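# Close look at the chain arrangement
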Amino acid sequence: MEKTIGRLAENTPEVGETVSGLLVKKAFTYQIMAPDDLHVFSQLSTANISQRITIAYSGAFGVLKHKLKQIFESVESLPDEESEGPAFRVHERLTVKYELEKHISLHWRSDPISNMVLDFVVALVLNISREIPKVVVESEEATKTEEENNKKAEKVIHALFVSLFGDVKFGENGKLVISVDGNVAHLHKQSGNVESENEGLRESVRVAFQRIQNAVKPIPLSVS
């Protein structure tokens, strides 16, 4: 039988109320406690894991920031004295720094939400790196059909939706079927309309699709 101790034991939960905490086995007993109480009632302690990766990126640093602003509501520049160079923070969880020799570094503390933001940013960086317009455009590159470009954009949109919502499948007539915690939304990619009984999920999908569209299909650059 598990025993609740510490802060979790201060208030008696109602019937059916969920109690979340850490389950710790001590000798032949099991105790449930809040993460902040771990060092008080055991010889264990919690720690934050800071991680960093470096990615090749030859595009303009401002372009990356602009595209991320179209998707995330919070993209804030950092002072040079704090970051030792151009940098900004995404969603208050991930720091993007410009490195020398056409590289950027991503810094974050590991947790489920930060890892999801990281996956999204990495996918966007790799997409930008593939699609950076060149000053000199070969004739065969200039004659790429709109259909080919649309197919590439469809793949990128699907990958970004998977990084945001997890369970994303292709439905009938080119729809995307997004499932989150038992709620389902159907996205019409041509019109941008979203069908779902859950108002919160419907609005989240609609806003995400609009921002992803702006990032993946920006105003085309004219090449002279």
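### Re the sheet that holds strand S10 (residues 176-180)
Sheet architecture is open: four strands sit in the order S9-S10-S11-S12, paired in antiparallel fashion. Looking along the sheet, the strands with just one partner apiece sit at the ends: strand S9 (167-170) and strand S12 (194-196). On average, each strand axis in the sheet is inclined to that of its neighbour by 20°, with strand direction left out of account. Relative to S10, S9 is paired through four bridges, and the arrangement is antiparallel. Across the sheet, the residue bridging to Val-168 is Ile-178, located in S10.

### A closer look at the environment of Asp-181
Following the sequence through the fold, Asp-181 ends up in the loop between S10 and strand S11 (183-187). Looking at Asp-181, the relative accessible area reads 76%, which means it is exposed. Expressed as a C-alpha distance, the spacing of Asp-181 and Asp-167, which sit 14 residues apart in the sequence, is 9.7 Å.

### Some thoughts on the sheet that holds strand S2 (residues 22-26)
Taken in spatial order, the three strands of this open sheet run S1-S3-S2, and their pairing is mixed. Looking along the sheet, the strands with just one partner apiece sit at the ends: strand S1 (2-4) and S2. The sheet shows a mean angle of 30° between the axes of neighbouring strands, direction not considered. Bridge count for S2 against strand S3 (residues 29-33) is five bridges, and the pairing is antiparallel. Bridge pairing in S3 places Leu-23 opposite Ile-32.

Cut-offs used in this document
Residues numbered from 1 in each chain as written. Predicted model: local features only at pLDDT ≥ 70, side-chain atom pairs only at ≥ 80, totals over all residues. Heavy atoms only, no water. Pairing = 2+ DSSP bridges. Helix = DSSP H or I, 4+ residues; strand = E, 2+ residues; numbered from the N terminus. Axes fitted to C-alpha atoms, helices over the stretch in contact; angles between N-to-C directions. Buried < 20%, exposed > 50% of the residue type's maximum accessible area, 1.4 Å probe, protein only.

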